Amino acid sequence: MFKSQLRRAALIMLAMVYSAAADGPAKSHAGNWSRQRAQRPEEQDVRSKTDRAAQGRTFQPDPDMPAFTLPDPLLGADGRRIGTAEEWKTRRRSEVMELFRKNVYGRVPETSYTKSFKVIHQDPRAMGGAATLKQVQVTLSRGQASLTISVVLFIPNRAPKPVPAFLLICNRGPENFDPTRERKSEFWPAEEAIARGYAIAAFHNEDVDPDKHDGFKDGAHGLLDAAVRPPDAWGSISAWAWGASRVMDYFETDAGLARDKIAVIGHSRGGKAALWTGAQDERFALVVSNESGCTGASLSRRRFQGKESVARINTAFPHWFCETYKTYNGREDALPVDQHMLIALIAPRAVAVGSAEQDLWADPRGEFLSVVHAGPVYRLFGRQALGSAAMPEIGAALHGDGAHYHIREGKHDLTLSDWQSYLDFADKVFGRVK
Ligand code: GTR
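Calculation rules
Residues numbered from 1 in each chain as written. Predicted model: local features only at pLDDT ≥ 70, side-chain atom pairs only at ≥ 80, totals over all residues. Heavy atoms only, no water. Helix = DSSP H or I, 4+ residues; strand = E, 2+ residues; numbered from the N terminus. Buried < 20%, exposed > 50% of the residue type's maximum accessible area, 1.4 Å probe, protein only. Contact = heavy atoms within 4.5 Å. Pairing = 2+ DSSP bridges. Axes fitted to C-alpha atoms, helices over the stretch in contact; angles between N-to-C directions. Polar contact = N/O pair within 3.5 Å; in protein donor to acceptor, adjacent residues only side chain to side chain. Expected span 1.5 Å × (residues − 1). Bend = angle between axes of the 7 residues up to and from the residue. Salt bridge = Lys/Arg side-chain N within 4 Å of Asp/Glu carboxyl O.

A. Just the environment of Ile 343, in detail. Tracing the backbone shows Ile 343 in helix H11 (residues 339-344). A relative accessible area of 0% means that Ile 343 is categorised as buried. Sequence separation between Ile 343 and Ala 297 is 46 residues; the distance between their C-alpha atoms is 7.4 Å. If near-sequence neighbours (up to four positions away) are discounted, Ile 343 is found in contact with Leu 275, Ala 297, Val 351, Val 353, Ser 370, Val 371, Ala 374 and Tyr 378.

As C-alpha cells, then:
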C-alpha cells in the first residue's frame, strides 16, 4: 500500500514536471483527482478503484490518420490577426459564433414567445433535511401553442446563500433525476453535490425537443419555426441548448442561486448541447462536456477508423445539426471551424472536458486537443487554460487556469467519479478552495 502510494507520488511529480516543461510555468497539475479532499470515504472508494487499475497508464498512441491543419481561431475574416482580448470580444468572437451558426448548429429563429415560471412543488426538508427541493415548470408559449420544461432543483440547506449550481441537460430518462430520491443515479448524483454545497438541477432534453427526426414538427421547432426552414435553421442540439438558457432565465429569479456561479453540464449528445449553450450564453460561468465527442469537444479533422465522423453523425442523427452541416460530410477539412473554436467561444469563462479511455468513438485525444488549441484565446485574457500539451495519465485530471481535462478508465458514461472531478474543478473556479 505504502509502496504504491510512493509510486503514485513519483508519477504525479513526473507528470507535473512534464506538463510544466510542455507549456511553460502553468498552474496546472496532474494527479490531483486522487490527491485532494480525502475526507469522504465513499468518494475514496470510487477514486481508488479507478487509480488502482489505471496507475501510471497513459492513453494509447494515435492510430494512423490523414494530416490536417486546424483553422486559426485568431485569424480574422479580413486576414488580420487578433492580438488582444478586446479585439477578440469586439471582432472575432461574433465571427466565429456566426460560422458555427451558419455551418454547424444552426440559428435559433427570432420568433417572439413568452415565458413563465411556476414552482409546482417545494419541499424544504428534502434529502433528510439536507436540501430544499423545487420542481419548476418553465413554459414557453407562442399564441395558443406552448412547451413546458420540467426542472428538478435541489438547493443545499446548510450552505450560505446564494450557492453555485450545476444544471444537467439530461439526455437519459427523467428517472435519472428523480425528485423523490427513491431512485439514485450516478448520472446526476444530487446527494454528492448537496454535500459539497452545490445546488443541482436537471431537465430532460426531450421536454425541449424530442430526440427523433420527425421533420422538425414537434418541440421547440414546432413552436418557433417559420413555415420554411432555411439551410441554417437550428437542429435538436441547438434546441436543447436553447432550453438550458430558458432554465437559466428561471435561475436568475431564484435568490438561492448565485447567478454568476452556474455551470451547465451534459454527457455525449447532452455534452454537445452543453458546449453550444456555454458558447452562446455568457451567463454560464462554467461549461462541462462529458465525452461529447463528434461535433462536441473532439476535433472533426482527426479522422480515423473507429471514431465518429461528420458524415456518420449527420446520417445517424439527421436532426441534430443544420442542413448545411451535411455539406461537410467527408469534407471535414473544408469546415471553416473546428471544435477548438467552440471551446474558444467559452473563453475566458471556465470549461471542463472529460473523456473515458475506452470511448474511442468520441476520440479522447481529440477532446483533449480541442481544449489545448483553444489555449491561445484564453491567453488573450491572461489565462493559461490547461497549461499543458500533454494528456494526464488515466485516472488523473489537469485543473488548469480556466480549463480542466480528465480521462478516466472505462466506457462511455457519466459517472460519479466524473462528477467528483468536475466538482473539484468547480471548487477552484468558484474560489471554494485555493
Ligand atoms: C452516439 C452518437 C454520439 C453520442 C452518443 C450519445 O450514438 O454517435 O455522437 O452523442 O450517441 O449521445 O450517447
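B. Expanded view of the sheet that holds strand E8 (residues 350-356). Strand order in the open sheet formed by 10 strands is E1-E2-E3-E5-E4-E6-E7-E8-E10-E9, and the pairing between neighbours is mixed. Each edge of the open sheet carries a strand with a single partner, namely strand E1 (114-126) and strand E9 (396-399). Mean inter-strand twist for the sheet, computed between neighbouring axes without regard to direction, equals 15 degrees. Relative to strand E7 (residues 286-290), strand E6 (residues 257-267) runs parallel, the two sharing 5 bridges. Bridge assignment links Val 264 to a residue of E7, and that residue is Val 287. Strands E1, strand E2 (131-142), strand E3 (145-156), strand E4 (163-170), strand E5 (199-204) and E6 of the sheet are contacted by helix H8 (residues 236-251), whose axis makes an angle of about 120 degrees with E2.

C. A look at the side chain of Ser 388. With respect to the helices, strands and loops of the structure, Ser 388 is situated in the loop between helix H12 (364-380) and E9. Within polar-contact distance, the side chain of Ser 388 engages the backbone nitrogen of Ala 390 at 3.0 Å.

D. Broad picture of helix H4 (residues 85-105). The terminal C-alpha atoms of H4 lie 25 Å apart, and with 21 residues this falls more than 12% below the ideal 30 Å at 1.5 Å per residue. The largest bend along H4 reaches roughly 45 degrees and is located at Arg 92. Among the residues of H4, Ala 85, Trp 88, Arg 92, Arg 93, Val 96, Met 97, Phe 100, Asn 103, Val 104 and Tyr 105 are the ones counted as buried. Looking at the buried positions of H4, the neighbouring elements they touch are H8, helix H9 (269-280), H11 and H12. Immediately beyond the C-terminal end of H4, within one or two residues, lies Gly 106, with a positive phi of roughly 90 degrees.

E. Region of the structure containing the pattern of salt bridges. Within this structure, the stated rule accounts for 39 salt bridges. Among the salt bridges present, the one from Asp 249 reaches Lys 115, with a minimum N-O distance of 2.9 Å. Taken together, the positions of Asp 249 in helix H8 and Lys 115 in strand E1 put the pair 134 residues apart, joining distant regions of the chain. Judged by relative accessible area, which is 8%, Asp 249 ranks as buried. On the basis of relative accessible area, Lys 115 is assigned to the partly exposed category, the value being 42%. A salt bridge links Glu 252 to Arg 259; the nearest nitrogen and oxygen atoms lie 4.0 Å apart. Since its relative accessible area comes to 28%, Glu 252 is described here as partly exposed. According to the relative accessible area criterion, Arg 259 is partly exposed, its value standing at 48%. Taken together, the salt bridges that share partners define one network made up of Lys 115, Arg 246, Asp 249, Glu 252, Arg 259, Asp 281 and Arg 283.

F. Region of the structure containing the environment of Gln 384. Along the chain, Gln 384 falls in the loop between H12 and E9. Note on Gln 384: relative accessible area 27%, which makes it partly exposed. C-alpha of Gln 384 to C-alpha of Gly 400: the two residues are 16 residues apart in sequence and 6.8 Å apart in space. Each residue touching Gln 384, except ones within four places of it in the same chain, is listed here: Arg 379 and Asp 401.

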